[in-house]
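Fold and contact review
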Amino acid sequence: MENKSKLFVFFVFIVIISIFYFNFSLTNKQIKSVYETESEWNEDENDRTCQWISIDRDYFFKRSSTFFFNDANLLTFTYFAKAKASLNLVFIFYVHLKNKEIITKNISNITRSIGKRKNFGLSYIFYRFDNKTYSRIKDKIETFEIKIKDLSTKKATKELIQVRVKNIFQRNKKGVFLCSKCMYNTRVEDFDSVKWWIDMKQKAGYTKISFCNNSIENHEKYTQLFDEYKDFVQLEQFNCLPNLYDNSSKYFLSYSEFSKLDNGLAYHIFDSVFIFFMNECYWANIDKYKYVSVMDRDEIVFPRNLKFRKNSEIREYVTALNNPTVDSIFKDLNCQYEDNNMEKYLDSLAVQIGKKKNSSFYFKNGIKFPNELFMTLFESIELYFNQSARKKEEKHKIEAVYDKKNNKKFVITISSANEFDYSLKLLELHRKIIGPYYEENKDKLLIDKYNSFYTIVGSSVHWVFGKTIHNTNRSLATEIHFNTMQIDYSTLKIVRGRDVAAVNDNLGHLSHFKKGLRMKPINII
C-alpha cells in the first residue's frame, strides 16, 4: 500500500512537471511563431540614425516616446500608422527584472485610440498589466523592451523599443517645467524674439524650459544664446518626419523636403509630431517637477500678485494714484522676481480657487497687441474728451478706427462715474509715463511682436483657447490646450477627458502676444 502511494505521488509529480513544461513550451512556441513567419523588408539606411523605428513604411514609432509608470501600472506610447494600415499588431514585452528574471508577454488586445487624417493616423497606446504580473514587476524592473509585429503583413520592427521606466508620485518634486512647441524655419532675424521669450520665462520664475528644434538657423548668435542659457534651456533636436507621402526609397524626410512634395500634409504631420514631443516632454519630467506647462513661443503666464483679486480693485487702485511717476507706479505691489515664484503662485491658486488637491490650471487668453493699436485707442479717447466738456454721470461711446483700409474699429464704452474717473487716470498715465517711454524707446524695440504694454482680458477673448499648467500628480496625458487623461492618486483610477481648474481673470491669465488683429469685435472699458 505504501509503495502504491509513493508511485501515485511520483506520477502526480511527473504530470505537474509535464504540464508546466508543456505550457512553457507552448508559450515559447507561440512567441517564437511570431517570428518564424516574419517577412523581410529593406530597412532604410537612415533608420538607425533618425528618431524613428519603423515597420517597413506602414508604422513609425518614436524611439524615446515609450514610458512605463511603475507606481501607476501604466504603459503609454504613441505612433504613426499609414491610413490603410491594418493595425493588426502584436506587442511582445520583455521585462528584465533586477533578480535577472525575464518576464515575456505576448499582447494583442492593447487599448488604442486613433486620430486619422488624409494619409496617416496617430495612435495612442495605454496598457495596464494584470494584477498578478504587476505584483511581480512593480519596483523590480531593470530594463523593459518591446518588439512589435504586424500580423497582416508578417513584418516586424528590426530593433527593440526601449521603454523608459518612471514613478509619478514622487514626494520631492519641485519647480515648474515648460514644454514649448517645435520651432521650425527660425532664422537669425528671429533671434531677438527667441531671446526675449527665453529671458521672460526665466524672469517669471519658471525652473527650466524645453523646446524641440527642427531648423533653427546654424548661426553663432544662437550658439552663444544656448550656451548662455545652458542651465535653463533644454534643446531637443528633431531632424526628420516619417515619409507618409509616397513609396519612394526614402523612409524619412526633412521638413523642407516634405513641404516641397505636399506642404499641407507636411504641416499636419509636423503638427502631429509635436504631440509626440509634447507628451514625451511631459512624461520625461513628470517625476521631477511639480508642474509642467505646455505653451507656444508667443505665450506666457506671468505670476499674478494676488493682492488685488478683482479688476474693479485694480481700477480703484489706478484711479487713486496721486501724481504717478515711473518710480512710484505699482511700487507697493512688490512684483519681484525670485527663484520658483511661479511655483509659489500656482500653489496659492489652489487655495484661492478652492479646488481639490493636485489640480491642473487652465489659463484663459489675454490677448496682447502691439502698442500702435493702443496709441490709436488713447488718441481717440483724448480727442473725445478734448472736443467738449464730458459729464461723468452720462454714458459715453467712443469709436476708434484702427485700420481705415479694412474698416477695423473698436468701440470704447464708459458706463459709470467710476469708469469715467478710471479713463481720465489712464489718459494721465499715458501722457506722463507710457507715451514718452514708448516714443523714447520705439526705435530700440526690435521685437515688434512683443513690445506691448497692454492686455485685453475677459469674455471677448476667451473664444481663443488658453493653455494648461499641469499638476504632475494629476494629469497623465495632454494635447495642446488641455489634459486628456488624469489619474486619481488614492485609487490609481484613470479618468479620460478634460479635468482642469479654470483660472478666473481676477487671479491670472495667459498673455498671448499677437502681431496681427484677428478677432471678434470687443467693447473696451
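Since the model is a prediction, treat every value here as computed from it, not as a measurement. (Residues numbered from 1 in each chain as written. Predicted model: local features only at pLDDT ≥ 70, side-chain atom pairs only at ≥ 80, totals over all residues. Heavy atoms only, no water.)

Some points on the sheet that holds strand β26 (residues 475-478)
- Sheet architecture is open: three strands sit in the order β26-β27-β28, paired in antiparallel fashion. Edge positions in the open sheet fall to β26 and β28 (494-496), since each of these has one partner strand only. When the angles between neighbouring strand axes are averaged without regard to direction, this sheet yields 20°. (Pairing = 2+ DSSP bridges. Helix = DSSP H or I, 4+ residues; strand = E, 2+ residues; numbered from the N terminus. Axes fitted to C-alpha atoms, helices over the stretch in contact; angles between N-to-C directions.)

Re the packing of aromatic side chains
- For the structure shown, the criterion picks out 29 aromatic pairs.
- Taken together, a centroid distance of 5.7 Å and an interplanar angle of 35° make the contact between W52 and F80 tilted. Highlighted residues: W52 in strand β1 (residues 52-55) and F80 in strand β4 (residues 74-82), separated in sequence by 28 residues. Taken individually, W52 and F80 each receive the classification buried, so the pair is uniform in this respect.
- Between the aromatic rings of F465 and F482, the centroid separation amounts to 5.7 Å while the plane-to-plane angle is 90°, which identifies the pairing as edge-to-face. Residue F465 is located in the loop between β24 (455-456) and β25 (467-471), and its partner F482 is located in the loop between β26 and β27 (483-487); the two are separated by 17 residues in the primary sequence.
- Grouping aromatic residues by their ring pairs yields a cluster made of Y59, F61, F77, Y79 and F91.
- Sitting over the face of the ring of F277, K62 holds its NZ or CZ atom 4.5 Å from the ring centroid.
- The ring of Y384 carries R390 above its face, with NZ or CZ at 3.6 Å from the centroid. (Phe/Tyr/Trp six-rings, centres within 6.5 Å; stacked < 30°, edge-to-face > 60°. Buried < 20%, exposed > 50% of the residue type's maximum accessible area, 1.4 Å probe, protein only. Lys NZ or Arg CZ within 6 Å of the ring centre and 35° of its normal.)

Overview of the pattern of salt bridges
- Summed over all chains, the structure comprises 17 salt bridges.
- Across the pair K155 and D56 runs a salt bridge whose closest N-O atoms are separated by 2.5 Å. Within this pair, whereas K155 is found in strand β10 (residues 155-156), its partner D56 is found in the loop between β1 and β2 (59-62), the two being separated by 99 residues in sequence.
- The class for K155 is buried, based on a relative accessible area of 19%.
- On the basis of relative accessibility, which here comes to 13%, the residue D56 falls in the buried class.
- In this structure, the salt-bridge partner of R63 is E159, at a minimum N-O distance of 2.8 Å. Residue R63 is located in the loop between β2 and β3 (67-69), and its partner E159 is located in the loop between β10 and β11 (161-162); the two are separated by 96 residues in the primary sequence.
- Of the residues examined, R63 reaches a relative accessible area of 23% and is grouped as partly exposed. (Salt bridge = Lys/Arg side-chain N within 4 Å of Asp/Glu carboxyl O.)

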